[in-house]
Amino acid sequence: MRIHHIGYVVKDIGRYSQSMPGLSLVKQVEDPVQRATLALYAAGTGCQIELIQPQDAQAYTWGHLQRAGEGMHHVCYEGLDAPAVDRMIAAHRMLKVLGPVHAVLFDRPVVFAVTRSRAILEFLL
């Protein structure tokens with residue numbers, strides 16, 4: 001298992017991406033399920049950065065943006081299959097909140113969970 005990306009909720013992808021040095025756009029999509037514009041950036045040779053710009057109050061991340069403002073939203077891991085993710089969620093007493101659901105940006109299913117300390121984790125299957 002490794003970190004695939006760190007996700008940030010932002011008001012404006014273009015403006016926010018310009019404030020983070022060293023990013024190189026990999027892909028940008030409109031996600032009708034999440035009701036958000038999503039952009040994936042390479043950040044050097046390591047982890048990638050996902051910027052999430054919710055479109056309206058029906059977006060999954062709208063409430064987070066309103067409550068917490070712009071900034072880090074989740075950490076995404078890859079390298080586990082669905083049963084292993086379920087075992088990890090149970091073993092760490094996390095709450096599975098969504099998924100598996102198709103992620104348009106990655107064209108793969110993902111699962112979201114919340115840790116006991118309220119950190120949001122995404123698992124790319």
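Read on for a plain summary of the structure. (Residues numbered from 1 in each chain as written. Predicted model: local features only at pLDDT ≥ 70, side-chain atom pairs only at ≥ 80, totals over all residues. Heavy atoms only, no water.)

1. Considering the packing of aromatic side chains
Then comes step 1: Throughout the structure, instances matching the rule amount to two aromatic pairs.
Then comes step 2: Seen in terms of ring centroids, tyrosine 8 and tyrosine 16 are 6.1 Å apart; in terms of plane orientation they differ by 40°. Their pairing is tilted.
Then comes step 3: Between tyrosine 77 and phenylalanine 123 the ring centres are 6.0 Å apart and the planes differ by 25°, which places this aromatic pair in the stacked class. With tyrosine 77 in strand 5 (residues 71–78) and phenylalanine 123 in strand 8 (residues 120–124), this pair connects stretches of sequence that are 46 residues apart. (Phe/Tyr/Trp six-rings, centres within 6.5 Å; stacked < 30°, edge-to-face > 60°. Helix = DSSP H or I, 4+ residues; strand = E, 2+ residues; numbered from the N terminus.)

2. Description of the sheet that holds strand 7 (residues 108–114)
Then comes step 1: Strand order in the open sheet made by the eight strands is 2-3-4-1-5-8-7-6, with mixed pairing throughout. A single partner strand is all that each edge strand has here, and the edge strands are strand 2 (23–31) and strand 6 (95–103). On average, adjacent strands in this sheet sit at an angle of 25° to one another, irrespective of strand direction.
Then comes step 2: Where strand 5 lies against strand 8, five bridges are found, and the strand directions are parallel. Residue histidine 74 lies in a different strand from strand 8, and its bridge partner there is isoleucine 120. (Pairing = 2+ DSSP bridges. Axes fitted to C-alpha atoms, helices over the stretch in contact; angles between N-to-C directions.)

Geometry only, nothing functional implied.
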